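Given next are the chains, with one letter for each unit.
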Amino acid sequence: MSVAVSERDLRVPDAETPARCPHCGRPFRSERLRALHLGESHPERCSADERAAYETAREAEADDLFVYHLKVVGALVGLYAFFVFSYMAVAAVQAPG
Ligand SMILES: [Zn+2]
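To start, this report covers the structure provided alongside it. Everything numeric in this text was worked out from a predicted model, so none of it was measured.

This paragraph deals with a nonpolar patch on the surface. On the surface, a cluster of nonpolar side chains totalling about 720 Å² of accessible area is made up of Leu 65, Tyr 68, Val 72, Leu 76, Leu 79, Phe 82 and Phe 83. Topologically, Phe 82 is positioned in helix 3 (residues 48–94).

See below:
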């Protein structure tokens, strides 16, 4: 998968560029992002260490995504409970008798 990205979108201040792709020179804000880029964009040129870093970064990314999904589900359950209890409270007040 290749997405066209302009130079303006890639511009990262030099002080904030701890990592750079050795193949295409693209700057990254972290080693983890660079490892993901290497594994996705240059899989045929990866060394064993870069491949291992890619696998580690992918697992960390999957863990972060899982935690994000848990938070979203928790927020939806909380919102649902809030509406159900609000409805019950209003229905109890307005019930005849
Ligand atoms: Zn690259």
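Cys 21 (SG), Cys 24 (SG), His 37 (NE2) and His 42 (NE2) make up the full set of protein donors to the zinc ion, lying at 2.0 to 2.3 Å. Geometry at the zinc ion is tetrahedral, judged from its 4 donor atoms and the angles of 103 to 122° they form at the metal. Of note, the zinc ion draws all its donor residues from one chain, in the sequence arrangement C-x2-C-x12-H-x4-H. A residue pair is termed long-range when its members are at least 10 positions apart, and Cys 24 in the loop between strand 1 (19–20) and strand 2 (27–28) and His 42 in the loop between helix 2 (31–41) and helix 3 qualify at 18 residues. Residue classification places Cys 24 among the partly exposed residues on the basis of a relative accessible area of 45%.

This part is about the side chain of His 42. Overall, His 42 belongs to the buried group, its relative accessible area being 9%. Apart from the residues within four sequence positions on either side, His 42 is in contact with Cys 21, His 23, Cys 24 and His 37.

A complete count under the given rule lists 0 disulfides for this structure. The structure places no disulfide on Cys 46, whose sulfur is separated from the nearest cysteine sulfur, that of Cys 21, by 8.7 Å.

Among all positions of helix 2, only Arg 34, Ala 35, Leu 36, His 37, Leu 38 and Gly 39 are buried. Buried-residue contacts for helix 2 involve strand 1, strand 2 and helix 3.

Criteria and thresholds
- Residues numbered from 1 in each chain as written.
- Predicted model: local features only at pLDDT ≥ 70, side-chain atom pairs only at ≥ 80, totals over all residues.
- Heavy atoms only, no water.
- Patch = residues over 30% accessible without salt bridge, like charges linked within 9 Å, V, L, I, M, F, W, Y side chains within 5 Å.
- Areas by Shrake-Rupley, 256 points an atom, 1.4 Å probe, with all protein chains shown as cover.
- Salt bridge = Lys/Arg side-chain N within 4 Å of Asp/Glu carboxyl O.
- Helix = DSSP H or I, 4+ residues; strand = E, 2+ residues; numbered from the N terminus.
- Donors = N, O, S within 2.8 Å, 3.2 Å for Na, K, Ca; no water.
- Tetrahedral: all angles 85-135°; square planar, octahedral: opposite > 155°, others 65-115°.
- Buried < 20%, exposed > 50% of the residue type's maximum accessible area, 1.4 Å probe, protein only.
- Contact = heavy atoms within 4.5 Å.
- Disulfide = S-S within 2.5 Å.

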